[in-house]
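Close look at the chain arrangement
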Amino acid sequence: MQSFTKPTNKELNAALPLLSSPEHEAYFFSRLKNPLWITPLNECDIFKYPPTAEPVKGGGIRYPSWPPTKYLARMAGLAPCEVASILSGIETDNASIVGDLLDAAMAMPEDVAASLVPMVSNAANEGTLYIHFKDASDLCVRLAEGGQADSALQLACTLFSPTFDEGKKELHGRDLYWYKDGLARVVSVLATRKSNEFLKQLCDWLRTIVEAKNSVGRETSFDLSYIWRPAIEEHEQNHDHDLAGVMVGYVRQGFELAIHGGQINFEHAKSILDAYPYLVFKRIRLHLINEFAEQVPALAREHMLDRRLFDNDEYKHEYAMLVGKRLSMLEAEQREVWYGWVDTGPDMTNYDDMIRRNYDREATDSEREGRKNRWKYEKLHCVRSHLDGDRLKFYQQMLADHGEPELADLNVYCGSIRRGNESPIEVKTLAAMTFEQAVARVTSWQPDESQPIGPDIEGLASTFGQYIATNPILYSKSARALIEKPAIYIRHFVRQMAVSAKVGGAIDLSSVFALCQWVLTRPLNERTTPEQKHEGLVDKDWQWTRDEVSTFVESICKAKQDDKPYYPLEGVRVPLWGLVEQLCRDRSRSNIVRDLSKEDPRVLDYLDLAINSPRGKALEAGLEYARWVANHIKQVDQASHEIVPNGFDAMPEVREMLEWQIAVGNRSFEAMAIIGSRIWLLNWIDQAWLHKNSEFLFRLHGIEKDPQEVHGWAAWNAFLVWVSPHIEFYRIFRSQFAYACEQAGKTTPGRDSDRQPMNRLGEHLMILYGRGQLSLDDDNGLIRRFINTANSSVRRHTIGFVGQSIKGDDKVPEEVTERFQDLWELYWNGPGKEDLQEKPGAWLYGTWFSSGKFPDQWALDKLYDYVEVTPTPEPDHSIAERLAEIGHVDILKAIKIVDRMIRSDSEGWRIHGWNDHARLLLGQAMDAGGEARSIAKALINYLGRYGYHEFGRLLKANH
Amino acid sequence: MSLSEEPVKLTRKQVELLNWFRSEAPSLADAYEGAVRLVADDKLPGRIHFVAHVVRDISDRLVDILNSQVSGARVQYSNELNLIAKEWPKIEKIGEPDEGSLSPATISIDYGLAARIDSLVSAHRNRPTRQERNHSLFRCLMRSHPTQGDVNRRIIDEFAKTRNWFSDRAHLRNRITLSLDEHELPARFAKFEGILHSFVGDFFTGTEEIDAILHQANK
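Residues numbered from 1 in each chain as written. Chains lettered and ligands numbered in written order. Predicted model: local features only at pLDDT ≥ 70, side-chain atom pairs only at ≥ 80, totals over all residues. Heavy atoms only, no water.

1. Brief notes about the overall build of chain A
What counts is decided by this rule: Strands here mean DSSP runs of E at least two residues long; helices mean DSSP runs of H or I at least four residues long; both are numbered from the N terminus. The atom set for the radius of gyration is the C-alpha atoms, and the globule formula is 2.2 Å times the number of residues raised to the power 0.38. Accessibility throughout is a Shrake-Rupley quantity obtained with a 1.4 Å probe, and a residue counts as covered only by protein chains that appear here.
Within chain A, the secondary structure is distributed over 52 helices and six strands. Over its C-alpha trace chain A gives a radius of gyration of 41 Å, far above what one expects of a compact globule, namely 30 Å for 959 residues. C-alpha extents for chain A along the principal axes are approximately 105 × 105 × 50 Å. Total accessible area computed for chain A in this model is approximately 43,100 Å², and 48% of it derives from carbon and sulfur atoms.

2. Quick word on the overall build of chain B
Under the convention used in this document: For each residue, the accessible area found with a 1.4 Å probe, counting protein chains only, is set against the maximum for its type, and the residue is called buried under 20%, exposed over 50%, and partly exposed in between. Contact definition: two residues touch when any of their heavy atoms are within 4.5 Å.
Within chain B, the secondary structure is distributed over nine helices and zero strands. The order of helices and strands in chain B, counted from the N terminus, is α-α-α-α-α-α-α-α-α. Buried positions account for 40% of the 219 residues belonging to chain B. Here the contacts in chain B between residues at least 6 apart in sequence split such that 70% fall between residues at least 24 apart. Carbon and sulfur atoms make up 51% of the accessible area of chain B, which amounts to about 12,800 Å² in all.

3. Quick word on the environment of B:Arg139
Tracing the backbone shows B:Arg139 in helix H6 (residues 130-141). Residues B:Arg139 and B:Asn67, spaced 72 residues apart in sequence, show a C-alpha to C-alpha distance of 9.9 Å.

4. Some remarks on empty space enclosed by the protein
Residue and element names in this part refer to chain A. The cut-off we apply is this: Site definitions follow a grid-based scheme: protein atoms alone, a 1 Å grid, a 1.4 Å probe that fits but cannot get out for cavities, and for pockets an open set with protein on both sides within 12 Å along at least five of seven lines, plus lining residues having an atom within 4 Å of a point. Grid points are joined across faces, edges and corners, and a volume is the space filled by probe spheres set on the points. Residue type decides the class: Asp, Glu, Lys and Arg count as charged, Ala, Val, Leu, Ile, Met, Phe, Trp, Tyr, Cys and Pro as nonpolar, and the leftover types, Gly among them, as polar.
Applying the stated criterion across every chain, the model contains five cavities of 30 Å³ or more. Forming the walls of the largest cavity are 13 residues, and the residues nearest its centre are Phe310, Lys316, Tyr319, Ala320 and Lys379. When residues of the lining of the largest cavity are traced back to their parent elements, those giving at least two are helix H18 (307-311), helix H19 (316-326) and helix H22 (365-382). With four residues, the top contributor of residues to the lining of the largest cavity is H19. Grouping the constituent residues of the lining of the largest cavity by class yields eight nonpolar, one polar and four charged.

5. Things to note about helix H2 (residues 26-40) of chain B
Think of an α-helix as 3.6 residues a turn; residues three or four steps apart then line up on the same face. Which entries qualify depends on this criterion: One less than the residue count of a helix, multiplied by 1.5 Å, gives the span that helix is expected to have.
Between its first and last C-alpha atoms H2(B) spans 22 Å; for 15 residues at 1.5 Å apiece the expected length is 21 Å, and the two agree. B:Leu28, B:Ala29, B:Tyr32, B:Ala35, B:Val36, B:Leu38 and B:Val39 are the residues of H2(B) that are buried.

6. Quick word on the interface of chain A and chain B
Interface extent is often summarised as the accessible area lost during association of the parts. We apply this condition: Here's the idea: put two parts together, see how much 1.4 Å probe accessible area each one loses, and the total over both is what we call buried area. What makes a salt bridge here is a side-chain nitrogen of Lys or Arg within 4 Å of a carboxyl oxygen of Asp or Glu, nothing more.
Taken together, the contacts link 42 residues of chain A with 38 residues of chain B. Roughly 3,400 Å² is buried in total at the junction of chain A and chain B, and carbon and sulfur atoms are behind 60% of that figure. Where chain A meets chain B, there are two salt bridges. For B:Arg154, the salt bridge identified is with A:Glu25, shortest N-O distance 3.9 Å. Mapped onto the side of chain A that touches chain B, the elements with two or more residues apiece are helix H1 (9-18), helix H2 (22-29), helix H51 (930-946) and helix H52 (952-957) of chain A.

7. Comments concerning the side chain of A:Thr817
Its location among the elements puts A:Thr817 in helix H45 (residues 814-838). Excluding its chain neighbours within four sequence positions, the residues that come into contact with A:Thr817 are A:Val812, A:Lys853 and A:Phe854.

8. Describing the confidence of the model for chain B
It should be kept in mind that the predicted coordinates are not to be read in detail where pLDDT is low. Quick note on the threshold: Every residue gets a pLDDT, meaning the predictor's confidence in that residue, from 0 to 100.
Summarising the model, chain B shows a mean pLDDT of 84, and 84% of its residues fall at 70 or more. Put simply, helix H4 (residues 77-87) of chain B is where chain B has its lowest mean pLDDT, 84, and helix H1 (residues 12-24) of chain B is where it has its highest, 96.

9. Digging into the pattern of salt bridges
Residue and element names in this part refer to chain B. Per the stated rule, a full pass over the model turns up 75 salt bridges over all chains. Notably, a salt bridge pairs Arg12 with Glu208, separated by 3.3 Å at the nearest N-O pair. Of the two residues, Arg12 sits in helix H1 while Glu208 sits in helix H9 (residues 203-217), which places them 196 residues apart along the sequence. Assessed through its relative accessible area of 32%, Glu208 is described here as partly exposed.

10. Brief notes about the packing of H2(A) against helix H4 (residues 67-75) of chain A
Residue and element names in this part refer to chain A. In plain terms, the rule: Here, axes are lines fitted to C-alpha atoms. For helices the fit covers the stretch in contact, and angles between N-to-C directions go from 0 to 180 degrees. Should an angle lie under 35 degrees it is considered roughly parallel, over 145 roughly antiparallel, and from 65 to 115 roughly perpendicular; all remaining angles are considered oblique.
It is at 9 Å that the axes of H2 and H4 come closest, and there the two elements cross at 10°. Classified by the angle their axes make, H2 and H4 are roughly parallel. For the pair H2 and H4, the contacting residues are Glu25, Ala26 and Phe29 in the first and Pro67, Pro68, Tyr71 and Arg74 in the second. Among the residues forming the contact of H2 with H4, the class breakdown is five nonpolar, no polar and two charged.

11. Focus: the packing of aromatic side chains
All names here are of chain A. What counts is decided by this rule: When two rings of Phe, Tyr or Trp (its six-membered ring) have centres within 6.5 Å they constitute a pair, described as stacked for plane angles under 30 degrees, edge-to-face for angles over 60, and tilted for the intermediate range.
Following the criterion strictly, the structure yields 68 aromatic pairs over all chains and no others. Relative to Trp178, the ring of Tyr177 has its centre 4.8 Å away and its plane inclined at 85°; by these criteria the two rings are edge-to-face. By relative accessible area, which is 54% here, Tyr177 ends up exposed. The class of Trp178 is partly exposed, set by a relative accessible area of 31%. Every member of this aromatic cluster is reached through a ring pair, and the members are Tyr769, Phe820, Trp824, Tyr827, Trp828, Tyr845, Trp848, Phe849, Phe854, Trp858 and Tyr866.

12. Here's the deal with the environment of A:Gln661
All names here are of chain A. Along the chain, Gln661 turns up in helix H34 (residues 652-662). Since its relative accessible area comes to 0%, Gln661 is described here as buried. Sequence separation of Gln661 and Arg615 is 46 residues, and the distance between their C-alpha atoms is 9.9 Å. Ignoring sequence-local partners within four residues, the contact set of Gln661 consists of Cys584, Arg615, Leu619, Asn666, Arg667, Ala671, Met672 and Ile675.

13. Notes on the side chain of A:Asn631
You can see A:Asn631 is positioned in helix H33 (residues 614-633). With residues up to four places along the chain from it excluded, the contact list for A:Asn631 reads A:Lys560, A:Pro565 and A:Trp684.

14. Concerning the packing of helix H8 (residues 117-126) of chain A against helix H10 (residues 149-160) of chain A
Residue and element names in this part refer to chain A. At their nearest, the axes of H8 and H10 sit 9 Å apart, and the two run at 5° to each other. With respect to each other, H8 and H10 are oriented roughly parallel. Two secondary-structure elements touch here, H8 through Val117, Pro118, Val120, Ser121, Ala124 and Asn125 and H10 through Ser151, Gln154, Leu155, Thr158 and Leu159. Across the contact of H8 with H10, the residue classes break down as six nonpolar, five polar and no charged.

15. Quick notes on the environment of B:Ser136
Residue and element names in this part refer to chain B. Considering the arrangement of structural elements, one finds Ser136 in helix H6. The exposure class assigned to Ser136 is partly exposed, which follows from its relative accessible area of 23%. Spatially, the C-alpha atom of Ser136 lies 9.7 Å from that of Leu66, the residues being 70 residues apart in sequence. Each residue touching Ser136, except ones within four places of it in the same chain, is listed here: Val63 and Asn67.

16. Some details on the nonpolar core
Defined as follows: Residues belong to one nonpolar core when they are buried, are Ala, Val, Leu, Ile, Met, Phe, Trp, Tyr or Cys, and are joined through side-chain atoms within 4.5 Å.
Counting residues in each nonpolar core, the largest one holds 284 residues, and the members touching the most others are A:Phe493, A:Phe552, A:Trp716, A:Leu823 and A:Leu883. With ten residues, helix H14 (residues 243-260) of chain A is the single largest residue contributor to this core. In this structure A:Phe493 touches A:Phe435, A:Phe464, A:Ile468, A:Tyr475, A:Ser476, A:Ala479, A:Leu482 and A:Leu515, once residues within four positions along its chain are discounted. Core analysis: the second largest hydrophobic core is formed by 43 residues, B:Ala35, B:Cys140, B:Met142 and B:Val151 among them.

17. Description of helix H16 (residues 279-291) of chain A
All names here are of chain A. In this model, H16 (13 residues) spans 18 Å end to end at C-alpha, consistent with the 18 Å of a helix rising 1.5 Å per residue. Burial analysis of H16 places ten of its 13 residues in the buried class, which makes it a mostly covered element. Restricting attention to buried positions, one finds in H16 the residues Leu279, Val280, Phe281, Arg283, Ile284, Leu286, His287, Leu288, Ile289 and Asn290.

So, in structure tokens, the structure goes:
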């Protein structure tokens, strides 16, 4: 061991004033390794005033840590008596100090640690042990193992005595997990070291917990324990969420350990258990008789031949275990007595009444016989390893017929059940048939009766789909075989055709078209499978199948080979459009249920509703059809642009469908949103058509006259959100952009996201501005107006978007950065400061600065202004990184920025993420001298007080 | 005898303390600097009284100076009494003696005057104790610390003891053995400075001294 010296008075007097501030105190005590300082420090009252628990604003309690007691805990192994003497005199409500005490106790010899038990017990009683419960349990185990059983028992009683608040079932003041964890470990040692007292204590605790249950009859000793603890031994049917059940396990374990270890004999154990009235204690006793039957063979035999136990279901499990394991202990004639009880069969006195009462009919002979056989079977199951002759044959036959009886030795059984999607037929069975046979087999199957579990139509249809997937090309040829069959099977078939078509599978289109055409002729509301109570997701009409046809059309149009359409126009176009035409007027209402009546349509993206509506799906198919046709007929013009000759004149069917969809009276949010999201496609196919219809398509003003007139917003918002910005669109929709900008100040976006239409409006404008296609002054200063009048949330998103975009761009031309510098000046001298004050954590200038794309001095100047408004700019790590790179340009300004960022960090953890960058900057400032050095020096000292002692090296290096 | 002509070289801690006084409590800065010089000049007779005055005054007044930067501070007895005195009549003018007695059981004064007296008495009753003032002082000293910890009561007691030692020596008393105190003065003054410096001096100046102690202790 290291040889230390005791401090002199002079050393002590010199040291103490230096430790006055909490920060210096912490610095000293976290480094002191000399145990000989303990007593002198104690004489100077150093350990006299530990900090108390502090209530925290807004609720909760803070437990300040205290370096002096942490020092004591560290010294406990070297000077246990001194440490114990000091700690045992501390009165505290501070859980952190209690934690130090426990650490110290764990490091001391057990006999010394025992002196701290009263203090730990006191902490437990005061409720300050909660977060150190595990440590206290560890101490309890250590004391017991270390020959301090009395102290361990005293501590265990404090820790584990269960108490309950009035009317509550949860333990008072203890976390159940740590309670169970701790008790499990304590039982394993105390049961053999302080057996008598500890086992009585365990039984007391079990009784307390049992009596806290509502279902317990104190007079009758009835406790329902066979429900909450089905088996006394560890068993899969026991549940660990029931505290009483868990405690039974500890009691059993304690008795077993003590008897096995020879600390107590069975009679002693029995005398303890007999003092408690409840059923569960009697069950534990029966369990122990079985466990220690060799020690008490007469008692074991007596219990096996106790007819009351044989008949009493309350002891069902323990009795079954006893006879199952110990039947051979009976004499032959005694065994015959027992088997005779089984052969006689159950008491059938009330059986007929029970059938009458429950089923309103008379019992049959077969039912009576079945009941008797089942009862015998369960009894014999308990002694199955002892069976021979006819009884064995009977048992084996019953086992083969009925499987293992789950309730032979239990009153309740919990098991998992399968729900739904169970198929009565396997894929391999279907695969062994012809397609027609498979279809016939599948479509003729009917579930016996309505059941929540077991095979069902949904499961069968899914299996049918898997079967189709095994060879879709082959089965497509036989698609017509499904005509007149139920919708659910056709739906699964068409889905597999769509999957195959999408990857260019050579499916027989004409057959599949014929099937689809037939589907579309069916009355929408026709029911094709019998209605059942528990039928899951079974088609109630033809809508889901129609939706699947839309998906099938879309898949065909999307299929490509060598970047060209896979399917030719010839022979496909006409039947394909034939399907689309019939689907495009399907119900527009989405499958997603959402009340839009209270939402502002100007800030909603309707596309998620649209793609989940029948008409939306059909329209997607129709527009994919248009792209497919266009890709077939497109040409390249002189400017190397791909064009679609004659536009919609080359596909008038699409134009007609679109014009129907946007016509007043036919409009729907869903269809308009789909169209808005495909503006790029429409512009490519026929820009003139788009020009002509833009006012009508994006009719935004209507909302002012009629609040219901909002379909134009559905199209417009989908355009903003889902179409990339382009100056061509701006030119076409100039008036809509102007109007939407005006509305940006009159709306309140519900949530801030990239899919928020008003946020996307800002992004469109910024991209056009950045490209130089739209200046601040264009169109009567549209961007200026947007920046000044838009909702602050939208503005913040817009400005933040610029920073993030620039940051992600490798090369940003100088003219672009200059434009954005102008924009920042406009924003910052306008609403920027207020926006930031409203949400100081917003990523506004932080991303601009950290992008590194702007001139260094300008970037620093702006950041300096920015941190004047918010000293916590985000993202702080990126900002600090960039500051470290360019701080040398104006080190005074840079160090002032860092100073403000650090001093505003009230939690003290933000700098963790960037202290390397901070160190670099502080070093530069120290080297720079003058005011920068003064600020840096003060900041280094400030960080030192915060516990960042490593920064102190910068001072030494710069003396 | 006069003050030594030799310039006193202030230690780094003293420079930091002096700078802090100049910044945060300028009215006490010169007094502190003077005390430093007096402590260093062991030839000056009676210096202990002068130093004691300074330490006592700094200990007592610092909290008000620091607090005044936040809000108004202590009760201004003199000002309040001056206002009362302006309105207070001679007592014989307030009431005539009752028949058969030499002085009246009750007298009457204006409500406004009574309210002013009541206010002064209330303020006096509610004035903080010395311990509360010391606690308040350390809270002020920790105002700019990043940690939100509270100061330990041991420090408050220690500071009070140090202040009292000097206060006892601010005026001549027979029972004080001056020759012994002269020897103790530098150590007491260093303790006073040490406590203050730990709170308001540079953190790493303090840790340098602590490191030296730790080096010795952990050897």
